[in-house]
Amino acid sequence: MIPVSDLTAVRRALASHEIETPSWAFGNSGTRFKVFAQPGVPRTPEEKIADAATVHRFTGVAPQVALHIPWDTVEDYGALASYARDQGVRLGAINTNVFQDDDYKLGSVTNPDPGIRRKATDHLLEAISIMDATGSRDLKLWFSDGINYPGQDDLRTRQDRLAQALRETYDRLGDDQRIVLEYKLFEPAFYATDVPDWGTSYAHCVELGEKATVCIDTGHHAPGTNIEFIVAFLLRQNKLGAFDFNSRFYADDDLMVGAADPFQLFRIMYEIVRGDALHPDRGIAFMLDQCHNIERKIPAVIRSVMNVQEATAKALLVDRDALSAAQSAGDVLEANAVVMDAYNTDVRPLLAQVREDAGLDPDPMAAFKRSGYQERVDAERVGGEQAGWGA
Ligand code: PSV
Ligand code: MN
Ligand code: MN
């Protein structure tokens, strides 16, 4: 493990790490079987931002909140951005939604009907106008497009339609804006998805240009996929733009990141550290994309942020000199031991110290509980909104 004398750099790295929270994590959500409504859930985008700001107040590392359009539709996005600023946070990625309209039954930008393709592409362009008003950098694209049966539509033509819509969208981006293109193996399409994997996303991004990068949603792979390999590969190509962090036991479970497989999260964060991509200046957005169906939402997001911090702290503790010496010597067991030593370190005291240095309570979960915020919003907010999922 890294010598104690080098811990200053580790502390500094941890203090500057930023995690972006999703507005929809604070609303009611569920599965297709049932949405269990909770008291105190936000009724408006402003209230979702207030909850995200609360997470930031207790963790100190979540200064940005992502919006989902149309779930977070408002009249004046500039005013929403200044509301967020007043709360102590910024508006982050604008997530597009071309999956919750009857017109999109056979696809959005890959639909065989040119009128529906136009409608979907117009939504993407409108999202860029929202970014102009909010000052957001990232346009997050996820397409539910795909087909359920062999022969239902032409696989290759659908790629052409996708490329065309992406090109039009890309050409509308401002100088400081970019596309982050998410992939997903299956669901809602069950036979073939139009952007099913990182390779497809990567190829479209390369074709588009340098303002297009891949978004890795950790829940969107086949079981057993080596996600840290994807991270290493994309970083090497300068094509990793963002994460949608969550964890899964089976498919796209959207559970709290680090809950199902903290070791995988550590391995991912090690590749980030190895690729020198942790600092916000490096342009990787570490976003959460989660739904809290049965647990209270604000503390679940606080816990998720802490889980990412713990994995990151362990990744930073890997003794990279010792690791590369063992690797060069072909010492398999020693190399593995160096990595495992870091993973098996209890980093909670280190993170408590980092928080105290930043003037925060060392235990954000306990501090949130004591604050009375939950009780206050439970009493104040009557008739909270559904997040958009699980209707
Ligand atoms: C799709 O499963 C997805 O991961 C996309 O990011 C959506 O925009 C998001 O879920 C909404 O939670
Ligand atoms: Mn996602
Ligand atoms: Mn998902």
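As the structure is a prediction and not an experimental result, all values here were calculated from the model.

### Topic: the overall build of the protein chain
When helices and strands are tallied, the protein chain shows 14 helices and ten strands. If you line up the protein chain on its principal axes, its C-alpha atoms span 65 × 55 × 40 Å. Across the 391 residues that make up the protein chain, the buried fraction comes to 46%. Contacts in the protein chain between residues at least 24 apart in sequence constitute 79% of all its contacts with a sequence separation of at least 6.

### Concerning the site of ligand 1
Around ligand 1, a shell composed of W24, N95, W142, E182, K184, D217, D244, D252 and D289 is seen. Partitioning the shell around ligand 1 into residue classes produces two nonpolar, one polar and six charged.

### Overview of the nonpolar core
Ranked by size, the top nonpolar core spans 99 residues in total, and within it L181, V214, M287 and V305 carry the most contacts. In terms of residue count, the dominant contributor to this core is helix 9 (residues 297-316) (eleven residues). Contact partners of M287, with chain neighbours within four places excluded, come to E20, P22, A66, A93, A242, F243, D244 and F245.

### Side note on the environment of V214
Here V214 lies in strand 8 (residues 212-217). In this structure V214 comes out as buried when scored by C-beta crowding, with 29 C-beta atoms within 10 Å. For V214 and I179, which are 35 residues apart along the polypeptide, the C-alpha to C-alpha distance reads 8.2 Å. Filtering out sequence-adjacent residues up to four positions away, V214 remains in contact with L181, W198, S201, Y202, C205, L234, K239, L240 and G241.

### A word on the confidence of the model for the protein chain
Residue-level pLDDT values for the protein chain average 97, and 97% of them are 70 or greater. Here the predicted complex carries an ipTM of 0.98, next to a pTM of 0.97.

### Here's the deal with the packing of helix 9 against helix 13 (residues 364-371)
Running from N to C, helix 9 and helix 13 point in directions that differ by 160°, and their axes come no closer than 10 Å. In this view, helix 9 runs roughly antiparallel relative to helix 13, as classed from their interaxial angle. In this structure, helix 9 crosses over helix 13, and the sense of that crossing is right-handed. Residues I298, P299, I302, R303 and M306 of helix 9 lie in contact with helix 13, whose contacting residues are P364, M365 and F368. Here the residues of the contact of helix 9 with helix 13 sort into seven nonpolar, no polar and one charged.

### Regarding the environment of R355
Within the element layout of this structure, R355 appears in helix 12 (residues 348-357). In this structure the C-alpha to C-alpha distance between R355 and R117, which are 238 residues apart in sequence, comes to 48 Å. Aside from chain neighbours lying at most four places away, what touches R355 is G60, L360, D361 and P362.

### Let's talk about the pairing of strand 8
Most of strand 8 sits inside the fold, with six of its six residues counted as buried. By the bridge criterion, four bridges tie strand 6 (residues 178-182) to strand 8 in an arrangement that is parallel. If you follow L181 over to strand 8, its bridge partner there is V214.

### Re the packing of helix 1 (residues 7-16) against helix 9
One way to put it is that helix 1 packs onto helix 9 with a least axis distance of 10 Å and a crossing angle of 150°. Accordingly, the angle class assigned to the pair helix 1 and helix 9 is roughly antiparallel. In terms of crossing hand, the pair formed by helix 1 and helix 9 is right-handed. Residues V10, A13 and L14 of helix 1 form the contact with helix 9, whose own contacting residues are Q309, T312, A313 and L316.

Definitions and limits used
Residues numbered from 1 in each chain as written. Chains lettered and ligands numbered in written order. Predicted model: local features only at pLDDT ≥ 70, side-chain atom pairs only at ≥ 80, totals over all residues. Helix = DSSP H or I, 4+ residues; strand = E, 2+ residues; numbered from the N terminus. Buried ≥ 20, exposed ≤ 12 C-beta atoms within 10 Å, placed from the backbone. Contact = placed C-beta atoms within 7 Å. Near = placed C-beta within 6 Å. Nonpolar A, V, L, I, M, F, W, Y, C, P; charged D, E, K, R; others polar. Core = buried A, V, L, I, M, F, W, Y, C linked by C-beta atoms within 7 Å. pLDDT = per-residue confidence, 0-100. Axes fitted to C-alpha atoms, helices over the stretch in contact; angles between N-to-C directions. Parallel < 35°, antiparallel > 145°, perpendicular 65-115°, else oblique. Left-handed = near helix turned anticlockwise from the far one by under 90°. Pairing = 2+ DSSP bridges.

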